[in-house]
Amino acid sequence: MTVQVFDSDLALAEALATEVIDAVARRPDTVLGLPTGRTPLALYEAIIRRTRRGSVDWSRVRTFNLDEFVGLPPGHPGSYRAFMEARFFRPLGIEPAQVGFLDGGARDLEAECRRYEAAIVEAGGIDILVLGIGVNGHIGFNEPGASLQARTHRVALEERTRAANALWFDGDIARVPTAALSMGMATILAARTIVLVATGEEKAAAVRGMLEGPLTTWLPASFLQLHATAAVMLDREAAAGLSAASAPALS
Ligand code: F6R
């Protein structure tokens, strides 16, 4: 995996925004895989700012988000769909027809997971997948455990993951759903380009395990070591736990 360390999360966001916008300029029908959460906020803001200044054409892009909570009614402000509509799709004029999203309110969740896998294949696969990482090393909602699932599936959320998501529910962990749907490890690893972003000191241990530890289902992000070209973009704080061998100089 290639590792880049940036002076700040904003410098990181600007660099990744450039990569995404350049990719869309080269190939307007790029298929993007996208995360929610705190980490991509600066990236999405940078992309929106640049789009307003320049002439990026988002009209042919397709998107697939990594995950969605189970059991929230459509349009619920805590849903990842609502997050993406407000912070990425609407500001960029990305239409619902361009958006692939898991429906956590589907009656048959297994059928919904199969539909999603088929939709990604039908779109030609994911060209660029942006990932965040949980403090427990999860990617998407592939939580640490004795085993991992290959394909899109239903997950029971760890307490730590629910606590980290409480901010989208007015800080009330009791309101955070206990389950989610998530792309699986093989769905993630099939992306042509993967960029994992981590910022802040609370991610340092997970980042170190991902880059320097063994492949283990107890730290799902370690499986990115299997991807031929996965790139990792870190701020100084998230890189703080790395040994000199894997921590490059500042970008
Ligand atoms: C969310 C997702 C999660 C987050 C991770 C980090 O769509 O895929 O894996 O990327 O939980 O969340 P933040 O960025 O809030 O620290």
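In case you missed it, the structure is sitting above this.
Residues numbered from 1 in each chain as written. Predicted model: local features only at pLDDT ≥ 70, side-chain atom pairs only at ≥ 80, totals over all residues. Heavy atoms only, no water.

Draft legend 1. Up close: the site of the ligand. In the vicinity of the ligand there are 15 residues, among which Thr39, Asp67, His138, Gly140 and Lys203 approach most closely. In the environment of the ligand, an oxygen atom lies 2.7 Å from a nitrogen or oxygen atom belonging to the backbone of Gly140. With respect to the ligand, the side chain of Lys203 contributes an N or O atom lying 2.7 Å from an oxygen atom. Across the complex, the protein chains shield 92% of the 410 Å² of accessible surface that the ligand would expose by itself. Of the residues contributing to the shell around the ligand, the split by class is 5 nonpolar, 7 polar and 3 charged. (Near = heavy atom within 4 Å. Polar contact = N/O pair within 3.5 Å; in protein donor to acceptor, adjacent residues only side chain to side chain. Areas by Shrake-Rupley, 256 points an atom, 1.4 Å probe, with all protein chains shown as cover. Nonpolar A, V, L, I, M, F, W, Y, C, P; charged D, E, K, R; others polar.)

Draft legend 2. Layout of the packing of aromatic side chains. Taken as a whole and judged by the stated rule, the model has 10 aromatic pairs. Plain terms: the ring middles of Tyr44 and Phe88 are 4.6 Å apart, the flat faces sit at 50° to each other, and that makes the pair tilted. Of this pair, Tyr44 sits in helix 2 (residues 41-53) while Phe88 sits in helix 3 (residues 80-92); the two residues are 44 residues apart in sequence, bridging distant segments of the chain. Its relative accessible area of 1% is what places Tyr44 among the buried residues. Looking at Phe88, the relative accessible area reads 0%, which means it is buried. Seen in terms of ring centroids, Phe69 and Tyr80 are 4.6 Å apart; in terms of plane orientation they differ by 45°. Their pairing is tilted. Of this pair, Phe69 sits in strand 4 (residues 67-69) while Tyr80 sits in helix 3, and the two are 11 residues apart along the sequence. (Phe/Tyr/Trp six-rings, centres within 6.5 Å; stacked < 30°, edge-to-face > 60°. Helix = DSSP H or I, 4+ residues; strand = E, 2+ residues; numbered from the N terminus. Buried < 20%, exposed > 50% of the residue type's maximum accessible area, 1.4 Å probe, protein only.)

Draft legend 3. Broad picture of unusual backbone geometry. Of note, the phi angle at Asp170 is positive, near 55°, even though the residue is not glycine. In this fold, Asp170 is placed in the loop between helix 5 (159-165) and strand 8 (179-182). The class for Asp170 is exposed, based on a relative accessible area of 68%.

Draft legend 4. Geometry of the sheet that holds strand 7 (residues 153-156). With respect to topology, 3 strands assemble into an open sheet ordered 4-8-7, the strand pairing being antiparallel. Every other strand in the sheet has two partners, leaving strand 4 and strand 7 as the edge strands with one partner each. Geometrically, the sheet is characterised by an average inter-axis angle of 30° between neighbouring strands, direction not taken into account. Taken together, the 4 bridges between strand 7 and strand 8 define a ladder with antiparallel strand orientation. Each residue of the ladder has a partner; that of His153, found in strand 8, is Ser182. (Pairing = 2+ DSSP bridges. Axes fitted to C-alpha atoms, helices over the stretch in contact; angles between N-to-C directions.)

Draft legend 5. Representation of the packing of helix 2 against helix 3 within the structure. It is at 9 Å that the axes of helix 2 and helix 3 come closest, and there the two elements cross at 20°. Classified by the angle their axes make, helix 2 and helix 3 are roughly parallel. Along this stretch, helix 2 crosses helix 3, giving a crossing that reads as left-handed. Here helix 2 contributes Leu41, Tyr44, Ile47, Ile48, Thr51 and Arg52 to the contact with helix 3, which in turn contributes Phe83, Met84, Arg87, Phe88, Pro91 and Leu92. (Parallel < 35°, antiparallel > 145°, perpendicular 65-115°, else oblique. Left-handed = near helix turned anticlockwise from the far one by under 90°. Contact = heavy atoms within 4.5 Å.)

Draft legend 6. Seen up close, the environment of Arg236. Take Arg236: it is sitting in the segment after strand 10 (231-235). Between the C-alpha atoms of Arg236 and His76, which are 160 residues apart in sequence, the distance is 35 Å. When near neighbours in sequence (up to four residues on either side) are disregarded, Arg236 contacts Val5, Phe6, Asp7 and Leu250.

Draft legend 7. Molecular detail of the sheet that holds strand 5 (residues 99-100). In spatial order, the strands read 1-10-9-6-2-3-5; together these 7 strands make up an open sheet with parallel pairing. The sheet is open, and its two borders are formed by strand 1 (2-6) and strand 5, each paired with just one other strand. Sheet topology places strand 9 (residues 193-198) next to strand 10; 4 bridges connect them, and they run parallel. Its bridge partner being in strand 10, Val195 is matched across the sheet by Ala231.

Draft legend 8. Fine view of the packing of helix 1 (residues 9-26) against helix 2. With their axes 8 Å apart at the nearest point, helix 1 and helix 2 run at an angle of 55° to one another. Here helix 1 lies oblique to helix 2, going by the angle between them. Our pair here, helix 1 against helix 2, has a crossing hand that is right-handed. Of helix 2, the residues touching helix 1 (which contributes Leu10, Ala13, Glu14, Leu16, Ala17, Thr18, Val20 and Ile21) are Ala42, Leu43, Ala46, Ile47, Arg49 and Arg50. Here the residues of the contact of helix 1 with helix 2 are counted per class, giving 10 nonpolar, 1 polar and 3 charged.

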